[in-house]
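# Architecture and fold: a report
Chain residues, written in single-letter form:
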Amino acid sequence: MKRKAILRGLLGFPLGVAIGHIFSVLGSLLFGDGGFYPCSPELISYVGNEINAVILQTILCGVVGVSFSAGSVVWEAEGWSILKQTGVYFLINAFVMLPTAYLLNWMEHSVSGFIIYFGIFILYFALIWVIQYFAWKQAVKKLNEKLRKITGNQKL
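A tally of regular secondary structure across the protein chain gives five helices and zero strands. For the protein chain, the succession of helices and strands along the chain, N to C, is α-α-α-α-α. For 156 residues, the compact-globule estimate of 2.2 N^0.38 gives 15 Å, and the C-alpha radius of gyration of the protein chain, at 20 Å, exceeds that figure by more than 25%. The C-alpha extent of the protein chain, read off along each of the three principal axes, is 70 × 35 × 30 Å. Taking as baseline every contact in the protein chain between residues at least 6 positions apart, the subset at least 24 positions apart corresponds to 56%. Computing the positive centroid from 12 side-chain charges and the negative centroid from 7, the protein chain places the two 25 Å apart.

Structure representation (C-alpha coordinates):
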(Lines give C-alpha, C1' and ligand atoms only; values in the text may rest on other atoms or scores of the structure.)
Protein backbone atom coordinates (compact mmCIF):
# COMPACT_ATOMS: atom_id res chain seq x y z
CA MET A 1 0.00 0.00 0.00
CA LYS A 2 2.92 2.36 0.72
CA ARG A 3 4.30 1.76 -2.76
CA LYS A 4 0.92 2.59 -4.32
CA ALA A 5 0.68 5.77 -2.25
CA ILE A 6 4.16 6.87 -3.36
CA LEU A 7 3.48 6.15 -7.04
CA ARG A 8 0.13 7.92 -6.92
CA GLY A 9 1.74 10.82 -5.10
CA LEU A 10 4.36 11.17 -7.83
CA LEU A 11 1.60 11.31 -10.43
CA GLY A 12 -0.44 13.64 -8.25
CA PHE A 13 2.19 16.38 -8.12
CA PRO A 14 1.94 17.41 -11.81
CA LEU A 15 -1.83 16.93 -11.67
CA GLY A 16 -2.05 19.32 -8.71
CA VAL A 17 0.11 21.85 -10.56
CA ALA A 18 -2.12 21.58 -13.65
CA ILE A 19 -5.32 21.99 -11.64
CA GLY A 20 -3.82 24.96 -9.80
CA HIS A 21 -2.97 26.57 -13.13
CA ILE A 22 -6.50 25.96 -14.43
CA PHE A 23 -7.90 27.68 -11.33
CA SER A 24 -5.54 30.62 -11.93
CA VAL A 25 -6.86 30.97 -15.46
CA LEU A 26 -10.49 30.67 -14.31
CA GLY A 27 -9.90 33.18 -11.52
CA SER A 28 -8.36 35.61 -14.00
CA LEU A 29 -11.34 35.19 -16.33
CA LEU A 30 -13.89 35.69 -13.55
CA PHE A 31 -12.24 38.39 -11.44
CA GLY A 32 -9.62 39.97 -13.68
CA ASP A 33 -9.72 42.84 -16.14
CA GLY A 34 -8.44 40.89 -19.12
CA GLY A 35 -5.00 40.25 -17.66
CA PHE A 36 -3.64 37.01 -16.25
CA TYR A 37 -3.37 36.94 -12.47
CA PRO A 38 -1.52 33.75 -11.53
CA CYS A 39 -1.85 34.32 -7.77
CA SER A 40 -3.29 36.69 -5.22
CA PRO A 41 -1.81 40.19 -4.86
CA GLU A 42 -1.49 39.52 -1.11
CA LEU A 43 0.75 36.52 -1.80
CA ILE A 44 2.90 38.56 -4.17
CA SER A 45 3.27 41.24 -1.52
CA TYR A 46 4.06 38.66 1.16
CA VAL A 47 6.84 36.89 -0.77
CA GLY A 48 8.25 40.01 -2.41
CA ASN A 49 7.57 39.49 -6.11
CA GLU A 50 5.37 37.68 -8.60
CA ILE A 51 7.84 34.95 -9.61
CA ASN A 52 8.40 33.87 -6.00
CA ALA A 53 4.63 33.84 -5.47
CA VAL A 54 4.08 31.71 -8.57
CA ILE A 55 6.85 29.30 -7.57
CA LEU A 56 5.42 28.90 -4.06
CA GLN A 57 1.88 28.44 -5.38
CA THR A 58 3.07 25.90 -7.96
CA ILE A 59 4.88 23.84 -5.33
CA LEU A 60 1.99 23.94 -2.88
CA CYS A 61 -0.55 23.04 -5.59
CA GLY A 62 1.67 20.05 -6.36
CA VAL A 63 1.67 19.10 -2.68
CA VAL A 64 -2.14 19.26 -2.63
CA GLY A 65 -2.15 16.99 -5.69
CA VAL A 66 0.14 14.55 -3.87
CA SER A 67 -2.19 14.59 -0.87
CA PHE A 68 -5.33 13.80 -2.85
CA SER A 69 -3.60 11.22 -5.05
CA ALA A 70 -1.56 9.39 -2.43
CA GLY A 71 -4.43 9.55 0.05
CA SER A 72 -6.68 7.72 -2.40
CA VAL A 73 -5.16 4.42 -1.27
CA VAL A 74 -7.51 4.54 1.73
CA TRP A 75 -10.35 3.57 -0.64
CA GLU A 76 -8.62 0.22 -1.08
CA ALA A 77 -8.23 -0.50 2.64
CA GLU A 78 -10.06 -3.78 3.01
CA GLY A 79 -11.88 -4.17 6.26
CA TRP A 80 -12.47 -0.42 6.59
CA SER A 81 -16.02 0.88 6.44
CA ILE A 82 -16.86 3.50 3.85
CA LEU A 83 -17.34 5.91 6.75
CA LYS A 84 -13.81 5.29 8.02
CA GLN A 85 -12.34 5.55 4.52
CA THR A 86 -14.19 8.81 3.91
CA GLY A 87 -13.18 10.26 7.27
CA VAL A 88 -9.50 9.41 6.87
CA TYR A 89 -9.41 10.70 3.28
CA PHE A 90 -11.17 13.90 4.34
CA LEU A 91 -8.80 14.50 7.26
CA ILE A 92 -5.66 13.84 5.20
CA ASN A 93 -6.72 16.32 2.56
CA ALA A 94 -8.18 18.93 4.91
CA PHE A 95 -4.90 19.02 6.86
CA VAL A 96 -3.04 19.74 3.62
CA MET A 97 -5.59 21.90 1.80
CA LEU A 98 -6.50 24.32 4.58
CA PRO A 99 -2.96 25.44 5.50
CA THR A 100 -2.14 25.68 1.78
CA ALA A 101 -5.19 27.87 1.17
CA TYR A 102 -4.21 30.04 4.13
CA LEU A 103 -0.57 30.42 3.01
CA LEU A 104 -1.55 31.21 -0.58
CA ASN A 105 -4.20 33.73 0.51
CA TRP A 106 -7.05 31.81 -1.07
CA MET A 107 -9.03 32.63 2.06
CA GLU A 108 -9.41 35.70 4.18
CA HIS A 109 -7.01 35.60 7.13
CA SER A 110 -9.65 35.66 9.84
CA VAL A 111 -11.76 33.18 11.78
CA SER A 112 -14.75 33.88 9.54
CA GLY A 113 -12.57 33.52 6.42
CA PHE A 114 -11.33 30.15 7.67
CA ILE A 115 -14.86 28.98 8.52
CA ILE A 116 -16.20 30.05 5.13
CA TYR A 117 -13.34 28.35 3.27
CA PHE A 118 -13.68 25.20 5.37
CA GLY A 119 -17.43 25.16 4.67
CA ILE A 120 -16.80 25.46 0.94
CA PHE A 121 -14.21 22.67 1.18
CA ILE A 122 -16.76 20.43 2.93
CA LEU A 123 -19.43 21.21 0.32
CA TYR A 124 -17.14 20.41 -2.61
CA PHE A 125 -15.83 17.30 -0.88
CA ALA A 126 -19.38 16.08 -0.20
CA LEU A 127 -20.56 16.86 -3.73
CA ILE A 128 -17.67 14.99 -5.33
CA TRP A 129 -18.11 12.11 -2.87
CA VAL A 130 -21.82 11.74 -3.72
CA ILE A 131 -21.14 11.86 -7.47
CA GLN A 132 -18.40 9.23 -7.13
CA TYR A 133 -20.57 7.06 -4.88
CA PHE A 134 -23.42 6.92 -7.38
CA ALA A 135 -21.05 6.42 -10.32
CA TRP A 136 -19.45 3.41 -8.57
CA LYS A 137 -22.86 2.10 -7.52
CA GLN A 138 -23.98 2.20 -11.15
CA ALA A 139 -20.76 0.49 -12.30
CA VAL A 140 -21.25 -2.30 -9.75
CA LYS A 141 -24.85 -2.73 -10.87
CA LYS A 142 -23.76 -3.13 -14.50
CA LEU A 143 -21.02 -5.57 -13.51
CA ASN A 144 -23.51 -7.66 -11.52
CA GLU A 145 -25.89 -7.71 -14.49
CA LYS A 146 -23.10 -9.03 -16.71
CA LEU A 147 -22.19 -11.66 -14.12
CA ARG A 148 -25.86 -12.74 -13.91
CA LYS A 149 -25.95 -13.25 -17.65
CA ILE A 150 -22.72 -15.25 -17.65
CA THR A 151 -23.48 -17.42 -14.61
CA GLY A 152 -27.25 -17.57 -14.77
CA ASN A 153 -27.29 -16.79 -11.03
CA GLN A 154 -30.16 -14.36 -10.27
CA LYS A 155 -28.97 -13.62 -6.70
CA LEU A 156 -25.92 -11.50 -7.64
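Don't stop here, the text continues.
A few words now on the packing of aromatic side chains. Scanning the model with the defined rule gives ten aromatic pairs in all. Ring geometry for Trp75 and Tyr89: centres 5.2 Å apart, planes at 55 degrees, overall tilted. One end of the pair, Trp75, is in the loop between helix 3 (50-71) and helix 4 (82-103); the other, Tyr89, is in helix 4, and 14 residues separate them in sequence. Assessed through its relative accessible area of 31%, Trp75 is described here as partly exposed. Aromatic pair Phe121 and Phe125: ring centres 6.3 Å apart, planes at 35 degrees, arrangement tilted. In this pair, Phe121 and Phe125 both sit in helix 5 (residues 111-151), four residues apart, roughly one turn of the helix. Both residues of the pair, Phe121 and Phe125, belong to the buried class.

A few words now on the state of the cysteines. Applying the stated criterion across every chain yields a total of zero disulfides. Not engaged in a disulfide, the cysteine Cys39 finds its nearest cysteine sulfur in Cys61; these two sulfurs lie 9.9 Å apart.

Take the environment of Leu56 next. Relative to the elements of secondary structure, Leu56 occurs in helix 3. When the C-alpha atoms of Leu56 and Cys39 are compared, they prove to be 9.8 Å apart, with 17 residues separating the residues in sequence.

What follows concerns helix 1 (residues 2-31). Helix length check: helix 1, at 30 residues, gives a terminal C-alpha distance of 41 Å against a target of 44 Å (1.5 Å per residue), a fit within 8%. In this structure, the buried side of helix 1 is in contact with helix 3.

What counts, and at which threshold
Residues numbered from 1 in each chain as written. Predicted model: local features only at pLDDT ≥ 70, side-chain atom pairs only at ≥ 80, totals over all residues. Heavy atoms only, no water. Helix = DSSP H or I, 4+ residues; strand = E, 2+ residues; numbered from the N terminus. Rg over C-alpha atoms; globule rule 2.2 N^0.38 Å. Contact = heavy atoms within 4.5 Å. Lys, Arg positive; Asp, Glu negative; His and termini not counted. Charge placed at Lys NZ, Arg CZ, Asp CG, Glu CD. Phe/Tyr/Trp six-rings, centres within 6.5 Å; stacked < 30°, edge-to-face > 60°. Buried < 20%, exposed > 50% of the residue type's maximum accessible area, 1.4 Å probe, protein only. Disulfide = S-S within 2.5 Å. Expected span 1.5 Å × (residues − 1).

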